[in-house]
Amino acid sequence: QDGSYLAEFLLEKGYEVHGIVRRSSSFNTGRIEHLYKNPQAHIEGNMKLHYGDLTDSTCLVKIINEVKPTEIYNLGAQSHVKISFDLAEYTADVDGVGTLRLLDAIKTCGLINSVKFYQASTSELFGKVQEIPQKETTPFYPRSPYGAAKLYAYWIVVNFREAYNLFAVNGILFNHESPRRGANFVTRKISRSVAKIHLGQLDCFSLGNLDAKRDWGHARDYIEAMWLMLQTDEPEDFVIATGEVHSVREFVEKSFKHIGKTIVWEGKNENEVGRCKETGKIHVTVNHKYYRPTEV
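Definitions and cut-offs
- Residues numbered from 1 in each chain as written.
- Predicted model: local features only at pLDDT ≥ 70, side-chain atom pairs only at ≥ 80, totals over all residues.
- Heavy atoms only, no water.
- UniProt positions renumbered as here; feature names shortened; annotations may be inferred.
- Phe/Tyr/Trp six-rings, centres within 6.5 Å; stacked < 30°, edge-to-face > 60°.
- Helix = DSSP H or I, 4+ residues; strand = E, 2+ residues; numbered from the N terminus.
- Buried < 20%, exposed > 50% of the residue type's maximum accessible area, 1.4 Å probe, protein only.
- Lys NZ or Arg CZ within 6 Å of the ring centre and 35° of its normal.
- Lys, Arg positive; Asp, Glu negative; His and termini not counted.
- Salt bridge = Lys/Arg side-chain N within 4 Å of Asp/Glu carboxyl O.
- Polar contact = N/O pair within 3.5 Å; in protein donor to acceptor, adjacent residues only side chain to side chain.
- Contact = heavy atoms within 4.5 Å.
- Domains from an automatic or database assignment.
- Buried area = accessible area lost by both parts, 1.4 Å probe.
- Core = buried A, V, L, I, M, F, W, Y, C linked by side-chain atoms within 4.5 Å.

- As annotated in an unreviewed UniProt entry, the chain carries the name GDP-mannose 4,6 dehydratase and is attributed to Pygoscelis adeliae.
- We quote the UniProt Pathway (unreviewed entry) comment for the chain here in full: "Nucleotide-sugar biosynthesis; GDP-L-fucose biosynthesis via de novo pathway; GDP-L-fucose from GDP-alpha-D-mannose: step 1/2."
- For the record of the chain, the UniProt heading Function (unreviewed entry) holds the text "Catalyzes the conversion of GDP-D-mannose to GDP-4-dehydro-6-deoxy-D-mannose."

1. Let's talk about the packing of aromatic side chains
Item 1. Under the counting rule described, the total for this entry stands at 9 aromatic pairs.
Item 2. Ring centres of Phe9 and Trp227 lie 5.5 Å apart, and the angle between their planes is 65°; this geometry places the pair in the edge-to-face category. One end of the pair, Phe9, is in helix H1 (residues 2–12); the other, Trp227, is in helix H7 (residues 219–230), and 218 residues separate them in sequence. Here Phe9 and Trp227 have matching classes, each one buried.
Item 3. Aromatic side chains Phe126 and Phe140 sit 5.6 Å apart centroid to centroid with 40° between the ring planes, which places their arrangement in the tilted category. Within this pair, whereas Phe126 is found in the loop between strand S4 (116–122) and helix H5 (145–164), its partner Phe140 is found in the loop between S4 and H5, the two being separated by 14 residues in sequence.
Item 4. Grouping aromatic residues by their ring pairs yields a cluster made of Phe126, Phe140, Tyr154, Trp155 and Phe174.
Item 5. One residue, Lys116, lies across the ring of Phe167, its end atom 4.4 Å from the ring centre.
Item 6. It is Arg181 that lies over the ring of Phe185; its NZ or CZ is 3.7 Å from the centre.

2. What to know about the side chain of Arg188
Item 1. The topology assignment puts Arg188 in helix H6 (residues 186–198).
Item 2. It turns out Arg188 is buried and unbridged, and the closest side chain with the opposite charge, Glu177, is 7.6 Å from it.
Item 3. Of note is the side chain of Arg188, whose polar atom sits 3.1 Å from the backbone oxygen of Pro179.
Item 4. Dropping the residues within four chain positions of it, Arg188 is found in contact with Ser178, Pro179, Arg181, Gly182, Ala183 and Ser193.

3. Topic: the domain arrangement of the chain
Item 1. By domain assignment, the chain separates into domain 1 (1–179 + 215–245) and domain 2 (186–210 + 248–290).
Item 2. Counting residues at the interface gives 5 residues for domain 1 and 7 residues for domain 2.
Item 3. Per-residue buried area on domain 1 facing domain 2 is highest for Lys82, Pro179 and Trp216; these three make up 72% of the total on that side.
Item 4. Our count for the contact surface shared by domain 1 and domain 2 stands at 0 salt bridges.
Item 5. For the interface between domain 1 and domain 2, the tally reads 3 residue pairs in polar contact (both at pLDDT 80 or more).

4. Digging into the environment of Val61
Item 1. Here Val61 lies in helix H2 (residues 57–67).
Item 2. For Val61, a relative accessible area of 28% corresponds to the partly exposed category.
Item 3. As a C-alpha pair, Val61 and Lys268 span 207 residues in sequence and 54 Å in three-dimensional space.
Item 4. Residues in contact with Val61, not counting those within four places in the same chain, are Ala105, Thr108 and Cys109.

5. Structural notes on the pattern of salt bridges
Item 1. Throughout the structure, instances matching the rule amount to 9 salt bridges.
Item 2. The partner of Arg249 in a salt bridge is Glu272, and the shortest N-O contact between them spans 2.6 Å. Within this pair, whereas Arg249 is found in helix H8 (residues 248–257), its partner Glu272 is found in the loop between strand S12 (263–266) and strand S13 (273–276), the two being separated by 23 residues in sequence.

6. Focus on the nonpolar core
Item 1. Counting residues in hydrophobic clusters, the biggest one holds 25 residues, and the most contacted among them are Leu10, Tyr73 and Tyr118.
Item 2. Listed by contribution, the elements that provide at least two residues to this core are H1, S4, strand S5 (167–173) and H7.
Item 3. The element best represented in this core is H7, accounting for 8 residues.
Item 4. Residues contacting Tyr73, with those up to four places away along its chain left out, are Leu6, Leu10, Tyr118, Met226, Trp227, Leu230 and Gln231.
Item 5. Core analysis: the next-biggest nonpolar cluster, separate from the first, contains 20 residues, Leu60, Val94, Leu102 and Phe160 among them.

7. Topic: the UniProt feature "domain: NAD(P)-binding" (unreviewed entry) in the chain
Item 1. Under the UniProt annotation, the feature "domain: NAD(P)-binding" (unreviewed entry) is placed at residues 1–296.
Item 2. Segment residues 1–296 splits into 34% helix and 19% strand. End C-alpha atoms: 23 Å apart.

Here's what the structure looks like:
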């Protein structure tokens, strides 16, 4: 979702946008389809796509040398926290070392003095929080392979900034959502499932920890914050958040309220269910497989 909104935002600002896309046997450009000059024929206008991957340093050097960009936004990642426990090594390679490969490519191409670099950092760095609220100086305590990989990326960005005077910043973004968010993220899973229940296509869906709390913002707003961070005179890391916390349970209740249903909770822990007050039907169950090994 972030790359899609960012490309849209930058094109509106008059930028020529270059994106890196992984090769796939099926089209994986659904969220940027509308940004092509001719969406039906995939004819490019001011958005140009290059095949590449954050695990391949040669292609990154080649693309950066060819494009010679003035701003680089590294939003590339295996970004699903729960899945990072299953794909821990891959997550480290892409999210951690991938950032190093990009920074090294900038240096190799001799663009240290002409490029501004944005790193998509994350509130997952705070993990087991050491103070409330969290701010730029709060100690990090990541609680997932994703958070640990992003921690390496964070510090390697700081390292390049201090060692080579590269304009490089970390945006420590709290959760940001939108209709373009992947369907296996909890906000989309809830909103899509509630829509299917409303349309009679689904009776019930399962979630993990209903009491997990998150700070949810909108991706479009956070994209503007990324861009603003690169428009400053001095590179500086910032936390981007709404400052409001809500639970998964609350998200479920509000979503059902939107289709005129009131959810009443019954039972405890894994036996808890969400029942519709109006019809008596169970619409939500809890499944332990959706719990994280360590919660933030």
